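# Coordinate inspection notes
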Amino acid sequence: MYPFTTGSFAVRNGWYVAAFTHEIGEALLARTILDQPVVLYRKQDGRAVAVGGRCPHRHFPLGKSCRKGDGIVCGYHGIAFGPDGQCTDIPSQSFTPRSYHIPSYPLVEHGLWAWIWMGEADKADPVLLPDLEAIGLTPGMIARALFVEHVKGRAQLLNDNLLDLTHLAFLHGSSIGTLDNAATPEEVVKRPGFLSSRRHMRDAEAPPVVAHMGHHLARIDRVSGMDFHLPGFHAGIDESRYPQGHARAGEAFASSRVYHAVTPETPHSCTYFFAMATTDASAIAIMEDYLRPVIAEDKFATEEIEAMLAVVGENPEELLLKSDRNAVEGRRMLQAMMDAERVG
Amino acid sequence: MYPFTTGSFAVRNGWYVAAFTHEIGEALLARTILDQPVVLYRKQDGRAVAVGGRCPHRHFPLGKSCRKGDGIVCGYHGIAFGPDGQCTDIPSQSFTPRSYHIPSYPLVEHGLWAWIWMGEADKADPVLLPDLEAIGLTPGMIARALFVEHVKGRAQLLNDNLLDLTHLAFLHGSSIGTLDNAATPEEVVKRPGFLSSRRHMRDAEAPPVVAHMGHHLARIDRVSGMDFHLPGFHAGIDESRYPQGHARAGEAFASSRVYHAVTPETPHSCTYFFAMATTDASAIAIMEDYLRPVIAEDKFATEEIEAMLAVVGENPEELLLKSDRNAVEGRRMLQAMMDAERVG
Amino acid sequence: MYPFTTGSFAVRNGWYVAAFTHEIGEALLARTILDQPVVLYRKQDGRAVAVGGRCPHRHFPLGKSCRKGDGIVCGYHGIAFGPDGQCTDIPSQSFTPRSYHIPSYPLVEHGLWAWIWMGEADKADPVLLPDLEAIGLTPGMIARALFVEHVKGRAQLLNDNLLDLTHLAFLHGSSIGTLDNAATPEEVVKRPGFLSSRRHMRDAEAPPVVAHMGHHLARIDRVSGMDFHLPGFHAGIDESRYPQGHARAGEAFASSRVYHAVTPETPHSCTYFFAMATTDASAIAIMEDYLRPVIAEDKFATEEIEAMLAVVGENPEELLLKSDRNAVEGRRMLQAMMDAERVG
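Values in this document were obtained by computation on a predicted structure and should not be read as measured data.

## As for the overall build of chain A
In terms of regular secondary structure, chain A is built from five helices and 18 strands. Its C-alpha atoms give chain A a radius of gyration of 22 Å, near enough to 20 Å, the size a compact globule of 344 residues would have. With the C-alpha coordinates aligned to their principal axes, the bounding extent of chain A is approximately 80 × 45 × 35 Å. Within chain A, buried positions represent 59% of all 344 residues. For chain A, contacts bridging at least 24 residues in sequence account for 58% of all contacts bridging at least 6. Of the roughly 14,000 Å² of accessible surface on chain A, 53% is carried by carbon and sulfur atoms. Computing the positive centroid from 32 side-chain charges and the negative centroid from 42, chain A places the two 4 Å apart.

See the structure below:
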């Protein structure tokens with residue numbers, strides 16, 4: 001499916017954000033991830049777990065069932081499953097075969113996020129998770145989970161969005177972007193499972209957000225960038241410094257990290273988790289309100305494009321620009337991962 | 001389609017409930033039954049009839065057309081059809097060919113229900129209808145049609161529900177069921193076109209409904225059962241007696257019959273007709289309110305499972321329990337009937 | 001697709017109404033026409049243009065983007081296109097290849113309508129547009145665009161409706177039709193790309209609209225007809241005269257032209273443009289209110305039939321009446337045009 005080959009939906013062997021950690025509690029949280037129903041909850045010892053969301057007896061949603069102890073009791077016929085997916089009770093019979101179970105998915109809480117592995121469990125190595133320090137979650141940074149959005153568009157449309165930040169100049173031209181976001185060449189770094197882009201803008205027009213945050217500067221030095229941790233996590237950086245000629249030239253007056261997690265739900269929808277971190281707690285509160293319509297713009301673009309594909313089909317002719325190098329590279333890496341899974 | 005073989009949607013040669021008799025009057029009642037549009041109405045002599053709901057000229061819905069005499073006049077171009085389906089008038093021409101007609105379906109009013117036969121008309125034998133006495137509609141019983149629900153789930157999900165009453169212990173655990181409904185073995189009786197299950201619970205915990213009806217008994221003797229009259233009618237029985245040790249031990253203090261008719265609409269929806277009978281008129285009024293949320297629970301489970309199948313596909317792996325014997329038998333009997341129709 | 005052969009959706013080489021001219025202004029007007037996204041707008045010199053509605057870079061809807069000068073700037077990454085479809089700016093690069101463009105569609109303003117040609121542009125000959133005089137837009141006639149309706153039904157259902165005016169007797173029996181509309185034989189004239197039907201009703205019952213317009217006549221002479229300018233425009237005529245025996249026998253007391261443009265949107269929807277012309281400005285105002293429910297009846301019939309086809313499938317058995325000669329002829333002509341396009 002667009003923009004991948006026919007039948008390629010999503011990388012399976014990879015860590016995806018299933019939820020912000022704060023979303024997971026005693027109550028059952030139901031999500032569909034990679035077309036599979038999943039239930040997330042926290043055991044009595046505080047550990048978060050993820051199990052399959054379909055009762056294998058009559059397919060009733062376990063996410064709409066009940067907690068009992070550390071397990072789930074299906075709301076339909078009362079079949080119970082433990083946090084490891086093992087069936088623990090069948091009320092209508094005394095014997096519970098060991099072979100009765102639901103899937104249990106590796107789930108790791110790491111940073112603000114609970115990460116799930118939907119593919120082969122033996123490949124679920126936590127070392128593959130993004131390094132917290134590398135994504136800017138260092139001591140002194142104040143991090144906050146801001147938005148969870150259900151998006152009626154395929155995950156790759158949001159990945160494409162985040163892999164090509166020239167869109168800041170237009171889609172977000174009234175808030176966080178200026179024409180420099182489109183006109184400045186990017187520096188790209190590529191490693192297995194990782195793709196990074198940076199734009200260094202010197203003595204550049206300040207985007208509207210700068211004034212909104214109380215800084216009265218017409219021109220600034222800016223760094224804008226995004227690190228894609230495949231298959232679905234983007235860690236962004238936004239740094240503003242006083243420009244050359246200013247008394248405090250070179251000094252950063254605003255610096256923030258933003259985190260976009262994109263988790264495929266169905267072939268035509270995804271869940272989008274947005275978080276940010278900065279050194280200034282009051283700034284986060286202001287930015288939460290300021291960024292809400294910005295994230296809504298990305299959601300709007302994604303859903304409009306999904307609707308467009310429904311009209312024009314899955315193989316629309318596509319114009320390639322020089323600025324697409326990063327997005328094309330990201331697609332290629334994801335396609336290669338999907339191809340390898342199919343062969344393996 | 002699940003849980004049947006690919007292409008198996010519904011038994012065609014069988015009596016299905018098209019409507020409660022009280023729903024059929026002078027006005028046209030449109031229903032889709034086995035993927036066919038049908039119109040039901042009552043002739044001037046009081047007899048109920050069922051004809052095809054599509055005008056064969058330009059496919060306008062006859063159910064949204066007009067009555068005229070004992071027939072229907074299409075609201076689009078005025079073509080008229082009699083209650084036997086024969087075209088009786090074409091306003092734009094003087095000659096009305098005998099070959100112009102819409103389907104006319106055998107329809108029999110029997111008990112609270114109007115039964116339709118969508119298959120081969122020459123096989124529509126009223127002797128195949130459930131015997132009223134056998135289903136408990138005996139003199140002295142007060143019967144009442146209670147609910148007509150449009151359910152966004154395939155008919156078999158409701159049949160499965162009714163063929164496995166262990167679900168009373170959980171889905172309806174706050175009203176009509178206790179754990180005994182799951183734990184008590186059932187007695188099954190099978191005949192061609194008929195499948196019956198009974199659970200006898202002695203000195204058993206009284207379900208919440210007992211107190212609701214004003215009986216202050218912690219433990220009772222109970223009989224719970226369901227007779228499946230294939231392909232789509234389930235007659236249930238619920239009897240409560242004073243338990244051993246009570247002064248009136250063995251005497252029934254509450255006894256009711258419930259009737260569930262499940263009629264396939266499309267491959268992914270059905271119409272669900274619920275009725276009950278008892279000896280006590282005041283009990284029915286109380287039960288109508290009490291059972292409304294119970295029936296809503298069954299509808300909820302059915303629609304949730306249909307939605308789950310839309311995500312996981314038509315061939316979900318299915319866990320078989322000992323308590324599934326009756327449901328599996330019911331499915332087998334329906335599958336055999338569908339297979340026979342395909343060959344025939 | 002019904003009522004055409006499998007794969008036949010719509011004639012492509014033909015003029016379709018894309019909009020009423022008054023709908024097109026500085027703002028972008030987005031429509032889907034023949035399954036293609038289209039954007040309509042008026043240049044600074046007042047000329048209306050039509051271009052493709054999908055940005056070929058990332059498929060964002062240009063209809064939800066911005067005007068700039070005579071062109072459009074995509075709201076996602078700022079790629080700009082001129083009114084001829086040529087890409088004029090890519091903000092992220094200095095060079096704009098000539099080969100980058102979106103479709104530009106021939107668009108002609110003619111009468112009340114802006115006509116678009118979605119097929120091969122070199123065949124878009126304005127001589128193929130309906131002649132304004134022939135459709136009654138002569139000096140002295142006051143013309144008015146009345147309704148634009150989005151209809152959830154395939155275009156041919158509305159064409160069928162307009163090719164068979166016997167439906168006036170029933171669908172519009174309470175307003176503009178009488179039984180004579182069905183009973184009176186029609187006179188048909190056929191030319192390439194043109195199909196005309198007329199009914200002459202003498203000393204006929206006056207339809208309700210006559211009294212509504214203030215004429216107290218039980219019986220009148222009427223002419224009712226429709227000229228189909230293939231593939232999607234129907235020019236109707238409605239003339240009422242004093243009948244034989246009346247002091248002013250033969251004199252017209254009411255005469256109007258109605259215009260129905262039917263433009264395929266998707267295989268299951270269309271846009272319906274209704275306009276009328278008469279000599280009396282005050283009559284148009286009254287008719288606008290009077291005809292609103294009449295047009296709603298046609299929309300209702302179309303959407304109901306589309307829903308019926310979704311249930312019974314694309315090949316419903318169809319009863320042919322004598323009065324279908326004109327509709328069948330119209331279908332044949334459209335099918336022949338589609339067949340020729342497929343071969344060509």
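That covers the picture; the talk isn't over yet.
## Remarks on the pattern of salt bridges
Evaluation of the coordinates by the stated rule reveals 69 salt bridges over all chains. Residue glutamate 109 of chain A is joined to arginine 42 of chain A by a salt bridge in which the shortest nitrogen-to-oxygen separation is 2.8 Å. Placement of the pair is glutamate 109 of chain A in strand β10 (residues 107-110) and arginine 42 of chain A in strand β3 (residues 36-42), with a sequence separation of 67 residues. When its relative accessible area of 35% is taken as the criterion, glutamate 109 of chain A is described as partly exposed. One salt-bridge network, held together by shared partners, links Arg58 of chain A together with Asp160, Glu318, Asp324 and Arg331 of chain B.

## Concerning the relation of the copies chain C and chain A
Superposition of chain C onto chain A requires a rotation of 120° combined with a translation of 0.0 Å along the rotation axis, giving an RMSD of 0.0 Å. On the angle and the small slide along the axis, the relation comes out as a three-fold axis. If distances are taken from each C-alpha of chain C to the rotation axis, the shortest is found for alanine 310 of chain C, at 11 Å.

## A word on the UniProt feature "domain: Rieske" (unreviewed entry) in chain A
In the numbering used here, UniProt assigns the feature "domain: Rieske" (unreviewed entry) to residues 15-116 of chain A. Overall, residues 15-116 of chain A shows 0% helix and 43% strand. The separation of its end C-alpha atoms is 5 Å.

## Quick notes on the pairing of strand β18 (residues 269-278) of chain B
Residue and element names in this part refer to chain B. Burial analysis of β18 places 10 of its 10 residues in the buried class, which makes it a mostly covered element. Of the two faces of β18, the one carrying Ser269, Thr271, Phe273, Ala275 and Ala277 and the one carrying Cys270, Tyr272, Phe274, Met276 and Thr278 are both buried. When strand β12 (residues 142-151) meets β18, the two strands line up antiparallel, connected through nine bridges. What sits directly across from valine 151, in β18, is cysteine 270. Pairing geometry for strand β17 (residues 252-266) and β18, over 10 bridges, is antiparallel. Paired with tyrosine 259 across the two strands is alanine 275, which belongs to β18.

## A look at the side chain of arginine 199 of chain A
Residue and element names in this part refer to chain A. Turning to its location among the elements, arginine 199 is positioned in strand β14 (residues 194-205). Looking at arginine 199, its side chain comes within polar contact range of the main-chain oxygen of asparagine 181, at 3.3 Å. Engagement of the side chain of arginine 199 in a polar contact is seen with the backbone oxygen of threonine 184, the distance being 2.6 Å. Filtering out sequence-adjacent residues up to four positions away, arginine 199 remains in contact with Leu165, Thr166, Asn181, Thr184, Pro185, Glu186, Arg222, Val223 and Ser224.

## Looking at the environment of arginine 12 of chain C
Residue and element names in this part refer to chain C. Looking at the secondary structure, you find arginine 12 in the segment before β1 (15-20). In the structure, arginine 12 is positioned 108 residues away from glutamate 120 in sequence and 7.9 Å away in space, judged by C-alpha atoms. Filtering out sequence-adjacent residues up to four positions away, arginine 12 remains in contact with Leu34, Met118, Gly119 and Glu341.

## Digging into the domain arrangement of chain A
Residues and elements named next belong to chain A. Domain annotation for chain A reports domain 1 (15-126) and domain 2 (136-343). A separation of 32 Å is found between the C-alpha centroids of domain 1 and domain 2. Taken residue by residue, the interface counts 17 residues in domain 1 and 22 residues in domain 2. For the domain 1 and domain 2 pair, buried surface summed over both sides reaches about 1,400 Å², with 75% attributable to carbon and sulfur atoms. Our enumeration of links across domain 1 and domain 2 arrives at zero salt bridges.

## A short note on the interface of chain B and chain A
Counting residues at the interface gives 30 residues for chain B and 24 residues for chain A. On the chain B side of the interface with chain A, the three residues burying the most area are Phe170, Met308 and Leu319 of chain B, jointly 26% of the side's total. Counting across the interface, chain B meets chain A through three salt bridges. For the pair chain B and chain A, the number of links is 14 residue pairs in polar contact (both at pLDDT 80 or more). Of all the secondary structure elements, the ones that give two or more residues to the side of chain B that touches chain A are α1 (155-163), α2 (179-183), α4 (281-312) and α5 (325-343) of chain B.

## Focus: the side chain of glutamate 304 of chain A
Mapped onto the fold, glutamate 304 of chain A is located in helix α4 (residues 281-312). Residue class for glutamate 304 of chain A comes out buried when judged on its relative accessible area of 16%. In this structure, glutamate 304 of chain A is in contact with Pro61 and Lys64 of chain C, ignoring residues within four places of it in sequence.

## Some thoughts on the interface of chain C and chain A
Each partner contributes residues to the interface: chain C has 24 residues there, and chain A has 30 residues. With both chains or domains summed, chain C and chain A bury close to 2,400 Å², and 64% of this area falls on carbon and sulfur atoms. Considering only the side of chain C, the residues that lose the most area to chain A are Arg58, His59 and Tyr76 of chain C, jointly responsible for 30% of the buried surface there. Between chain C and chain A we count three salt bridges in total. With a closest N to O distance of 3.4 Å, arginine 58 of chain C and glutamate 318 of chain A form a salt bridge. Counting the contacts that link chain C with chain A gives 15 residue pairs in polar contact (both at pLDDT 80 or more). Considered class by class, the residues forming the side of chain C that touches chain A number 11 nonpolar, nine polar and four charged.

## Brief notes about the sheet that holds strand β6 (residues 71-73) of chain A
Within the open sheet, the four strands sit side by side as β5-β6-β7-β8 (chain A). Their pairing is antiparallel. Each end of this open sheet is capped by a strand with a single partner; those strands are β5 (66-68) and β8 (87-89) of chain A.

## Digging into the packing of helix α1 (residues 155-163) of chain A against helix α5 (residues 325-343) of chain A
Residue and element names in this part refer to chain A. Where α1 meets α5, the closest approach of the two axes is 8 Å, and the angle between their N-to-C directions is 140°. Judged by the angle between their axes, α1 and α5 are oblique. Of the two possible hands of crossing, α1 and α5 adopt the one that is right-handed. In contact with Gln156, Asn159, Asp160 and Leu163 of α1, α5 contributes Asn326, Ala327, Gly330, Arg331 and Leu334. Among the residues forming the contact of α1 with α5, the class breakdown is three nonpolar, four polar and two charged.

## Here's the deal with the pairing of β17 of chain B
Residues and elements named next belong to chain B. Judged by how many residues are buried, β17 sits mostly within the fold: 11 of 15 residues are covered. Looking at chain direction, strand β16 (residues 233-241) and β17 are connected through nine bridges and run antiparallel. Its bridge partner lying in β17, alanine 235 is registered against tyrosine 259. Hairpin geometry of β17 and β18 is characterised by an intervening segment of two residues between the two adjacent antiparallel strands.

## Here we look at α1 of chain A
Within α1 of chain A, nine of the nine residues are buried, leaving the element largely enclosed by the surrounding structure. When we look at burial in α1 of chain A, the residues that qualify are Ala155, Gln156, Leu157, Leu158, Asn159, Asp160, Asn161, Leu162 and Leu163 of chain A.

## A closer look at the sheet that holds strand β9 (residues 104-105) of chain C
All names here are of chain C. Strand order in this open sheet of four strands is β2-β3-β4-β9, and the pairing throughout is antiparallel. Looking at strand neighbours, the two that pair on one side only are β2 (29-33) and β9, the edges of this open sheet. Note that strand β3 (residues 36-42) and strand β4 (residues 48-52) share five bridges and pair antiparallel. By the bridge assignment, valine 39 is partnered in β4 with valine 51.

## Let's talk about the packing of aromatic side chains
Inspection of the entire model under this criterion finds 33 aromatic pairs over all chains. Linked through ring pairs, Trp113, Trp115, Phe233 and Tyr259 of chain A together constitute an aromatic cluster. The ring centre of phenylalanine 194 of chain B lies 4.0 Å from the NZ or CZ of arginine 191 of chain B, which sits over that ring.

## Let's talk about the environment of methionine 308 of chain B
All names here are of chain B. Tracing the backbone through its elements, the reader meets methionine 308 in helix α4. Since its relative accessible area comes to 8%, methionine 308 is described here as buried. Distance in space between the C-alpha atoms of methionine 308 and glycine 250 is 44 Å, their sequence separation being 58 residues.

## Topic: the packing of α1 of chain A against α4 of chain A
Residue and element names in this part refer to chain A. Between α1 and α4, the shortest axis-to-axis distance is 9 Å and the interhelical angle comes to 130°. Comparing the axis directions of α1 and α4 gives the class oblique. Our pair here, α1 against α4, has a crossing hand that is right-handed. In contact with Leu157, Leu158 and Asn161 of α1, α4 contributes Asp298, Thr302, Ile305, Glu306 and Leu309. Among the residues forming the contact of α1 with α4, the class breakdown is four nonpolar, two polar and two charged.

What counts as what
Residues numbered from 1 in each chain as written. Chains lettered and ligands numbered in written order. Predicted model: local features only at pLDDT ≥ 70, side-chain atom pairs only at ≥ 80, totals over all residues. Heavy atoms only, no water. Helix = DSSP H or I, 4+ residues; strand = E, 2+ residues; numbered from the N terminus. Rg over C-alpha atoms; globule rule 2.2 N^0.38 Å. Buried < 20%, exposed > 50% of the residue type's maximum accessible area, 1.4 Å probe, protein only. Contact = heavy atoms within 4.5 Å. Areas by Shrake-Rupley, 256 points an atom, 1.4 Å probe, with all protein chains shown as cover. Lys, Arg positive; Asp, Glu negative; His and termini not counted. Charge placed at Lys NZ, Arg CZ, Asp CG, Glu CD. Salt bridge = Lys/Arg side-chain N within 4 Å of Asp/Glu carboxyl O. Least-squares fit on C-alpha atoms with pLDDT ≥ 70 in both. UniProt positions renumbered as here; feature names shortened; annotations may be inferred. Pairing = 2+ DSSP bridges. Polar contact = N/O pair within 3.5 Å; in protein donor to acceptor, adjacent residues only side chain to side chain. Domains from an automatic or database assignment. Buried area = accessible area lost by both parts, 1.4 Å probe. Nonpolar A, V, L, I, M, F, W, Y, C, P; charged D, E, K, R; others polar. Axes fitted to C-alpha atoms, helices over the stretch in contact; angles between N-to-C directions. Parallel < 35°, antiparallel > 145°, perpendicular 65-115°, else oblique. Left-handed = near helix turned anticlockwise from the far one by under 90°. Phe/Tyr/Trp six-rings, centres within 6.5 Å; stacked < 30°, edge-to-face > 60°. Lys NZ or Arg CZ within 6 Å of the ring centre and 35° of its normal.

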